Amino acid sequence: MKEIIFSNWHIMRWIRLAFSLFLFVQAYELREWFFIPFGLFFLFQALFNMGCGINGCAVPKYKINKDE
């Protein structure tokens, strides 16, 4: 778990982290608490490196093995 959080920080993880912090600040300043779940969503994606990567979320078209 510690390795997932502290390693492999690429630009998309930093963007997700910055966007989540932006949403938290906006929720506080505007008193619009509706933004907090979205900020938590992006924070979770940034910390645990979840979501679509650089290659996108596409499913491979061709199978290498017949059993895949």
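Everything here concerns the structure above.
In this report, the structure presented in the accompanying data block is examined. These numbers come from a predicted model, not from an experiment. (Residues numbered from 1 in each chain as written. Predicted model: local features only at pLDDT ≥ 70, side-chain atom pairs only at ≥ 80, totals over all residues. Heavy atoms only, no water.)

For the structure on display, the rule yields six aromatic pairs. Where Trp9 meets Trp14, the ring centres are 4.9 Å apart and the plane angle is 45°; that geometry is what we call tilted. Since its relative accessible area comes to 27%, Trp9 is described here as partly exposed. Ring geometry for Phe34 against Phe38: centres 5.3 Å apart, planes inclined by 70°, an arrangement best described as edge-to-face. A relative accessible area of 58% means that Phe34 is categorised as exposed. Residue Phe38 is classed as partly exposed on the basis of its relative accessible area of 40%. Three or more aromatic residues joined by ring pairs form one cluster here, namely Phe19, Phe22, Phe41 and Phe42. Cation over ring: Arg13 sits above Trp9, and NZ or CZ is 4.1 Å from the ring centre. The ring of Tyr28 carries the charged tip of Arg31 above its face, separated from the ring centre by 5.1 Å. (Phe/Tyr/Trp six-rings, centres within 6.5 Å; stacked < 30°, edge-to-face > 60°. Buried < 20%, exposed > 50% of the residue type's maximum accessible area, 1.4 Å probe, protein only. Lys NZ or Arg CZ within 6 Å of the ring centre and 35° of its normal.)

Looking now at helix H3 (residues 35-48). Relative to the 20 Å expected for 14 residues at 1.5 Å per residue, H3 spans 20 Å between its end C-alpha atoms, a close match to the ideal helical length. Every buried residue of H3 is listed here: Gly39, Gln45 and Ala46. The arc enclosing the buried residues of H3, seen along the axis, measures out at 125°, which places them on a common side. Buried residues belonging to H3 abut helix H2 (11-30). Remark: Asn49 follows H3 within two positions and exhibits a positive phi of approximately 55°. (Helix = DSSP H or I, 4+ residues; strand = E, 2+ residues; numbered from the N terminus. Expected span 1.5 Å × (residues − 1). Arc of directions from axis to C-beta. Contact = heavy atoms within 4.5 Å.)

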